[in-house]
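Read off the chains here:
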Amino acid sequence: MDRDNILLTPGPLTTTLRTKLAMLKDWGSWDADFNAITARVRHELLDILHAQDTHVVVPLQGSGTFSVEAAVSTVVPRDGHLLVLDNGAYCKRMGKLATMMGRKTTIATRTEDAPVDTGEVERLLLADPSITHVGLIHCETGTGVVNPLKAISDLCARLGKGLIVDAMSSFAALPIDARELRFDALIAASGKCLEGVPGMGFVFLRKDLLTQCADNSHSLAMDLCDQHYYMERTGQWRFTPPTHVVVALAEAMQQFKEEGGQTARLARYEDNLRTLVDGMAALGFNTFLDPQYLSPIIVTFRAPAHPAYDFKQFYASAKAQGFMLYPGKLTEVETFRVGCIGAIGRKEMQQAVNAVARTLNEMGIASAA
Ligand SMILES: *Cc1c(COP(=O)(O)O)cnc(C)c1O
C-alpha cells in the first residue's frame, strides 16, 4: 500500500498530508514568526469554544494527561477536595493523578456501561460539603460513553462547586459552548478531534479564577498560571515548545475551518460511526454500550465468543490490510475498540469493515455473534 496505515485509534490518529507536510521546517522558539502562530492557535481555540469573553487558553507541552494533571494542580487549592466521577479508565486516571499530587480526592465509581448520574452526584455533593471541585470526563474514551456535561455544569453552578472537564476526546467534535456552561477548566489536546499530531495539550481556564490560582501548583512545569502570565508577557512558551506540533496544529485548524468547523466535523464522524456500526453488525458484532449511548468518537465492540478468536491475531491481520485497531480497556468483558475520529471518512470505514470481514474469514469465524 502506498498510504500509511489508517489509525482507528483515538489519538494519535490519521492526519492529512497537508498537516504532515507542515512539519517539514524548523522554527526558532523565540522568533516572531513562530510566536505569531502560537498566538493565532490560542485565539482560534477560544473561538471554537465561544470563550473569548470568559476564558483564557493555556497550551502545555506533553501528552493530554500532562494537561489534565496541570489543570488539577493549578485549579484545585492544596486544601481543596476533588470529587472525580468515575465510569471508566480516563476517570480513574484523573482520580489517581489528583491523589498522587496530594489533593484530597473522592472517587465515585459507577458501572462503565452508562453515563454518570447527575442525581447521584448531587447527593454526594450535599452529603459532603468539604468537596470544592468536581472532575468530569466528557467522553470517556475507555468505552466511548458521553457524560452529561450540561447537567453536571448546571449542578456545580447551583451548588457553588468548581468544575474541571476533561474534554480531550470530544473537543471540536461534540458541541461545547462556554456561553452556556460554567466550568473552571476544560482540557483538550492537539492530537484528537482537531486532527493535529500529538505532543501538546491546552487548558481553558476561567478568567476570574486566574488571580486565585497563582499559588496552587506544587509543580513548576505544571503551573498553568505561570505558563499563562509568561506567555502573555513575552508571547513565548515558558520552556522549549513542541514547535513542529504547534505548526501542524495550526495547519490542522485551518482545515477544520475549511471543512465547516465543529458541526461539519461531527457530521463526518457520525457518518463514520454509522458506517462502522452497521457494517460490523452485519458481521455479527455487538457493541458493548447500548445503541443510545454510542458516540461518534470511539466504539467498543464485544469480542466474538468463538474459540478461534484471539485479539493479537485479529489485530495483526487487520494491520496487514492497513488498519490499526485498538485493544479494549475493560477488565470483565473481552472487547476491542475502533475509533471514528481522524482524517478518515466513509470510504475508509467501509474498507476497515471489509478488512475485519476478511480477518474473521481467515480465523475461521463464520459470525462474530
Ligand atoms: C486521550 C485522552 C487523554 C490523554 O491521554 P494521553 O495518552 O496522555 O494523550 C485524557 N483523557 C481522555 C478522555 C482522552 O481521550
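As a starting point, this report considers the structure included with it.

Parameters and conventions
- Chains are numbered independently. Their residues run from 1 in the order of the written sequence.
- Since the coordinates come from a predicted model, pLDDT governs what is reported: local features require at least 70, and pairs of side-chain atoms require 80 or more to be given and counted, while whole-chain, interface and lining totals use all residues.
- In computing side-chain properties, one takes all heavy atoms of the structure into account and sets aside hydrogens as well as water.
- Angles run from 0 to 180 degrees between N-to-C directions of axes, and those axes are lines fitted to C-alpha atoms, restricted for helices to the stretch in contact.
- Helix and strand definitions here come from DSSP, where helices need a minimum of 4 consecutive H or I residues and strands a minimum of 2 consecutive E residues; each element is numbered from the N-terminal end.
- Note that the term roughly parallel is reserved for angles under 35 degrees, roughly antiparallel for angles over 145, roughly perpendicular for angles of 65 to 115, and oblique for everything else.
- Helix crossings are classified by the rotation of the near helix relative to the far one: an anticlockwise turn of less than a right angle makes the crossing left-handed, while a clockwise turn makes it right-handed.
- Here, two residues are considered to be in contact whenever any of their heavy atoms come within 4.5 Å of each other.
- For this classification, the nonpolar set comprises Ala, Val, Leu, Ile, Met, Phe, Trp, Tyr, Cys and Pro, the charged set comprises Asp, Glu, Lys and Arg, and every other residue, Gly included, is treated as polar.
- One requirement defines pairing of two strands: DSSP has to find at least two bridges between them.
- Salt bridges are defined as contacts in which a side-chain nitrogen from Lys or Arg sits within 4 Å of a carboxyl oxygen from Asp or Glu.
- Working definition: with a 1.4 Å probe on protein chains only, accessible area under 20% of the residue-type maximum means buried, over 50% means exposed, and in between means partly exposed.
- Only residues whose relative accessible area exceeds 30% and that take part in no salt bridge are eligible for patches, with like-charged residues grouped when within 9 Å of each other and nonpolar side chains (Val, Leu, Ile, Met, Phe, Trp, Tyr) grouped when within 5 Å.
- Per-residue and other accessible areas were derived by the Shrake-Rupley procedure at a 1.4 Å probe size, with only the shown protein chains allowed to occlude residues.
- The criterion is simple. A nonpolar core is a set of buried Ala, Val, Leu, Ile, Met, Phe, Trp, Tyr and Cys residues joined through side-chain atoms within 4.5 Å.
- Note: domain ranges come from an automatic or database domain assignment.
- Distances are taken per atom, and a residue is near a molecule or strand as soon as one of its heavy atoms is within 4 Å of it.
- What qualifies as a polar contact is a pair of N or O atoms within 3.5 Å, subject to a donor-acceptor requirement within protein and to the restriction that residues adjacent in sequence count only when both atoms come from side chains.

Considering the packing of helix H9 (residues 261-282) against helix H11 (residues 346-363)
At their nearest, the axes of H9 and H11 sit 9 Å apart, and the two run at 20° to each other. As the angle between them shows, H9 and H11 are arranged roughly parallel. Two packed elements cross with a definite hand, and for H9 against H11 that hand is right-handed. In contact with Asp271, Asn272, Thr275, Leu276, Gly279 and Met280 of H9, H11 contributes Arg346, Met349, Gln350, Val353 and Val356. Residues belonging to the contact of H9 with H11 are distributed by class as follows: five nonpolar, four polar and two charged.

Considering the sheet that holds strand E5 (residues 133-137)
With mixed pairing, the seven strands of this open sheet are ordered in space as E2-E10-E9-E8-E5-E3-E4. Of all strands in the sheet, those with a lone pairing partner are strand E2 (55-61) and strand E4 (104-109), marking the two edges. The mean angle between the axes of side-by-side strands here comes to 20°, regardless of whether they run parallel or antiparallel. Its contacts with the sheet put helix H5 (residues 118-127) on strand E3 (81-86), E4 and E5, and the angle it makes with E3 is roughly 160°. Seen against the sheet, helix H6 (residues 149-159) touches E3, E5 and strand E8 (162-166) and runs at an angle of roughly 160° to E8.

Here's the deal with the side chain of threonine 359
Among the structural elements, threonine 359 can be located in helix H11. Here threonine 359 is in contact with Phe314, Ser317, Ala318 and Gln321, once residues within four sequence places are set aside.

Concerning the pattern of salt bridges
Enumeration over the complete set of coordinates arrives at 18 salt bridges. The partner of arginine 42 in a salt bridge is glutamate 232, with the nearest N and O atoms 3.4 Å apart. You can see arginine 42 sitting in helix H2 (residues 32-49) and its partner glutamate 232 sitting in helix H7 (residues 224-234), a full 190 residues away along the chain. Put simply, arginine 206 and aspartate 184 hold a salt bridge, and the shortest N to O gap is 2.5 Å. In this pair, arginine 206 is assigned in strand E10 (residues 200-206) and aspartate 184 in the loop between E8 and strand E9 (185-189), connecting sequence segments 22 residues apart. Of the two residues, arginine 206 and aspartate 184, neither departs from the other in class, the shared state being buried. Overlapping salt bridges bring together Glu195, Glu259, Arg265 and Arg268 as one network.

As for the sheet that holds strand E14 (residues 335-339)
Strand order in the open sheet formed by three strands is E11-E14-E13, with antiparallel pairing between adjacent strands. Each of the sheet's edge strands pairs with one partner strand only, and the pair in question is strand E11 (298-302) and strand E13 (326-327). In this structure, E11 lies alongside E14, joined through five bridges in antiparallel fashion. Counted as the bridge partner of phenylalanine 301 is phenylalanine 336 from E14.

Considering the pairing of E10
In terms of residue burial, E10 counts as a mostly covered element, since seven of its seven residues are buried. With seven bridges joining them, E2 and E10 adopt antiparallel strand pairing. Its bridge partner lying in E10, leucine 60 is registered against glycine 201.

Looking at a nonpolar patch on the surface
The grouping of Leu17, Leu21 and Leu24 at the surface amounts to a nonpolar patch, some 350 Å² of accessible area in total. Topologically, leucine 21 is positioned in helix H1 (residues 17-21). Overall, the relative accessible area of 47% leaves leucine 21 in the partly exposed class.

A short note on the nonpolar core
Counting residues in hydrophobic clusters, the biggest one holds 90 residues, and the most contacted among them are Ile164, Phe171, Leu194 and Phe204. Broken down by element, this core gets its largest block of residues, eight residues, from helix H8 (residues 243-259). Counting the residues that make up this core, at least three belong to each of domain 1 (6-11 + 260-363) and domain 2 (17-257). Sequence-distant contacts of phenylalanine 171, that is, excluding residues within four places in its chain, are made with Leu45, Ile48, Leu49, Ile176, Leu186, Ala188, Cys193, Leu194, Phe202 and Phe204. Grouped together as the second largest cluster of nonpolar side chains are 30 residues, Leu276, Leu325, Met363 and Ala368 included.

Quick word on the site of the ligand
Around the ligand, the neighbouring residues are Ser63, Gly64, Thr65, Tyr90, Arg93, Ile137, Cys139, Thr141, Asp166, Met168, Ser169 and Lys192. Between arginine 93 and the ligand, the recorded distance is 3.3 Å, taken from a side-chain N or O atom to an oxygen atom. Separating an oxygen atom of the ligand from a side-chain N or O atom of threonine 141 is a distance of 2.5 Å. Elements represented by at least two residues in the shell around the ligand include exactly helix H3 (64-75) and helix H4 (89-100). Partitioning the shell around the ligand into residue classes produces four nonpolar, five polar and three charged.

By themselves, these figures tell us nothing about what the structure is for.
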